Amino acid sequence: MPPVFAHGRLRLYLLKLLDEAPRHGYEVIRLLEERFQGLYAPSAGTVYPRLAKLEAEGLVTHATEGGRKVYSITDAGRAELADRGGELADLEVEIRDSVTELAAEIRDDVRGAAGDLRREMRAAASASATRVEDESWKAAKEDLRKARQEWKEQARRAKDESRRAREEAQQARRQAKEAQERAREEVQRIAGQLQEQFARSGGVLGSLAGAWLGGAPAAGSADASAAGADGDGDAGRASQWAADLAATGDPARDLDRLLDRFRDEVRDAARDRGVTSAQVAEARRHLEAACGRLGTTFGARS
């Protein structure tokens, strides 16, 4: 029989179970058995070492309640789940297939046992054709009836679990795709707001922000004429600013990367061109206005 979980997949599924709710080790084992409709249950020697390893990696933590360790997922664990959303969806399909395979093996075992029982019953009937059916014969018939009933029940449960796993996998794929799209739109929206805010600003920060966030240098800016003289220099760079920073699927991480890029390039420009106290004061006003606007934006979406 092939393994129920491929290499590394049980680790991912343990994170999923702990993301649903904090649980102790025995509860994790019981939930896995329920997910497989009783066809598979991992041993404590399989689950507890993996929980300990996840804790050592900082993906889960535990608290002691009533003498037992209750495990909870950490922010790092949730981040790994988000990054591996597609893999988790595939895992749900693999679980469905594992349930189907286990059910098929049980069905084959039941069929083989039933066949052996029928042959034994025919042999007994042939040897005692002239005798009245006794209690042992009735018991054999009852055993066969129960075996058939058990096989039907196992097949029904496997079919129900397969359908549920397929639906959950489809839903997980949709959610992962939607989350990725929302993250991309959020980063583009924030970058657009920064571009619009700083493109209207004057002074050295307005000029730099206009060049690096996609806007034009502000009127009256000390660098306005230089930007015009550069032709395809800063203007060409503006249209491609941060184009190499592809969306990661995590909006907060994408925003941090954009802000780091902006900070580094403004700092480099100030170092290369020089900066005065008046320009620092002007930069402070622009940054204060931008912070207020972004704070309002994030507050409106919380």
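Refer to the preceding data block for the structure.
Calculation criteria
Numbering of residues starts from 1 in each chain and follows the order in which that chain's sequence is written. Owing to the predicted nature of the model, reporting of local features is limited to residues with pLDDT of at least 70; listing and counting of side-chain atom pairs is limited to 80 or more, with chain, interface and lining totals taken over all residues. Hydrogens and water are ignored here; the side-chain numbers use all heavy atoms of the structure. Residues grouped as a nonpolar core are buried Ala, Val, Leu, Ile, Met, Phe, Trp, Tyr and Cys residues, joined through side-chain atoms within 4.5 Å. Relative accessibility under 20% of the residue-type maximum defines a buried residue, over 50% an exposed one, and the middle range a partly exposed one, all with a 1.4 Å probe and only protein chains included. Helix and strand definitions follow DSSP, with helices as H or I runs of at least four residues and strands as E runs of at least two, each counted in order from the N terminus. Throughout, a contact is declared for two residues whenever any of their heavy atoms are within 4.5 Å. When DSSP finds two or more bridges between two strands, those strands count as paired. Helix span, expected: 1.5 Å multiplied by one less than the number of residues in the helix. Taking the helix axis as origin, the arc is that swept by the directions to the C-beta atoms. Axis geometry follows a simple rule: fit a line to the C-alpha atoms, using only the stretch in contact for helices, then measure angles between N-to-C directions, giving values from 0 to 180 degrees. These descriptions rest on fixed angle ranges, namely under 35 degrees for roughly parallel, over 145 for roughly antiparallel, 65 to 115 for roughly perpendicular, and the rest for oblique. We call a crossing left-handed when the near helix sits turned anticlockwise from the far one by less than a right angle, and right-handed when that turn is clockwise. We define a salt bridge as a contact between a side-chain nitrogen of Lys or Arg and a carboxyl oxygen of Asp or Glu at a distance within 4 Å.

**Quick word on the nonpolar core**
Counting residues in hydrophobic clusters, the biggest one holds 22 residues, and the most contacted among them are Leu-14, Leu-15, Leu-18, Val-28, Leu-32 and Val-47. Among the secondary structure elements, those contributing two or more residues to this core are helix H1 (9-20), helix H2 (25-35), helix H3 (44-56), strand S3 (68-73) and helix H5 (85-127). Ranked by residue count, the leading element in this core is H1, at seven residues. Here Leu-14 is in contact with Val-28, Val-47, Arg-50, Leu-51 and Leu-54, once residues within four sequence places are set aside. Grouped together as the second largest cluster of nonpolar side chains are five residues, Trp-241, Ala-242, Leu-258 and Val-266 included.

**Focus on the sheet that holds strand S1 (residues 23-24)**
Spatial strand order, S1-S3-S2: three strands in an open sheet with antiparallel pairing. Only two strands of the sheet have a single partner each, and these edge strands are S1 and strand S2 (60-65). Here two bridges tie S1 to S3, and the two strands are oriented antiparallel to one another. If you follow Arg-23 over to S3, its bridge partner there is Tyr-71.

**With respect to H3**
Taking 1.5 Å of rise per residue, 13 residues should cover 18 Å, and H3 covers 18 Å from first to last C-alpha, within 8% of that figure. Residues Val-47, Leu-51 and Leu-54 constitute the buried set of H3. Seen end-on, H3 carries its buried residues on one side only, within an arc spanning 65°. Residues of H3 that are exposed and angled more than 90 degrees away from the buried face: Gly-45 and Ala-56. Where H3 is buried, its residues meet H1, H2, S2 and S3. Gly-58, located one to two residues past H3, shows a positive phi value of around 80°.

**Some thoughts on the environment of Val-275**
Following the sequence through the fold, Val-275 ends up in the loop between helix H10 (251-273) and helix H11 (277-301). Residue classification places Val-275 among the partly exposed residues on the basis of a relative accessible area of 47%. Excluding its chain neighbours within four sequence positions, the residues that come into contact with Val-275 are Ala-270 and Val-280.

**Remarks on the pairing of S2**
Bridge count for S2 against S3 is six bridges, and the pairing is antiparallel. Within the sheet, the bridge partner assigned to Thr-64 lies in S3 and is Lys-69. Counting the residues between successive antiparallel strands, the hairpin from S2 to S3 contains two residues, one of them, Gly-66, with a positive phi of roughly 60°.

**Comments concerning the packing of H2 against H3**
The geometry of H2 relative to H3 is characterised by a closest axis approach of 10 Å and an angle of 120° between their N-to-C directions. Considering the angle they form, H2 stands oblique to H3. Judged by the twist between their axes, the crossing of H2 over H3 is right-handed. Side by side, H2 and H3 meet where Gly-25, Tyr-26, Val-28, Ile-29 and Leu-32 of the first sit next to Ala-44, Val-47, Tyr-48 and Leu-51 of the second.

**As for the pattern of salt bridges**
The tally for this structure, following the rule as stated, stands at 26 salt bridges. Where Arg-84 meets Glu-87, a salt bridge forms, and the shortest distance between an N and an O atom there is 2.7 Å. In this structure Arg-84 comes out as buried when scored by relative accessible area, which is 19%. Salt bridges here are not isolated pairs; linked through shared partners, they connect Lys-16, Glu-20, Arg-23, Glu-27, Arg-30, Glu-34 and Arg-35.

**Some words on the side chain of Lys-16**
As for its position among the elements, Lys-16 is in helix H1. Classification of Lys-16 as buried rests on a relative accessible area of 17%. Leaving out residues up to four positions away in the same chain, Lys-16 has contacts with Arg-35, Leu-81, Leu-88 and Glu-92.

**A word on the environment of Ser-72**
As for its placement among the helices and strands, Ser-72 is situated in strand S3. In this structure Ser-72 comes out as partly exposed when scored by relative accessible area, which is 23%. Apart from the residues within four sequence positions on either side, Ser-72 is in contact with Pro-22, Val-60 and Thr-61.

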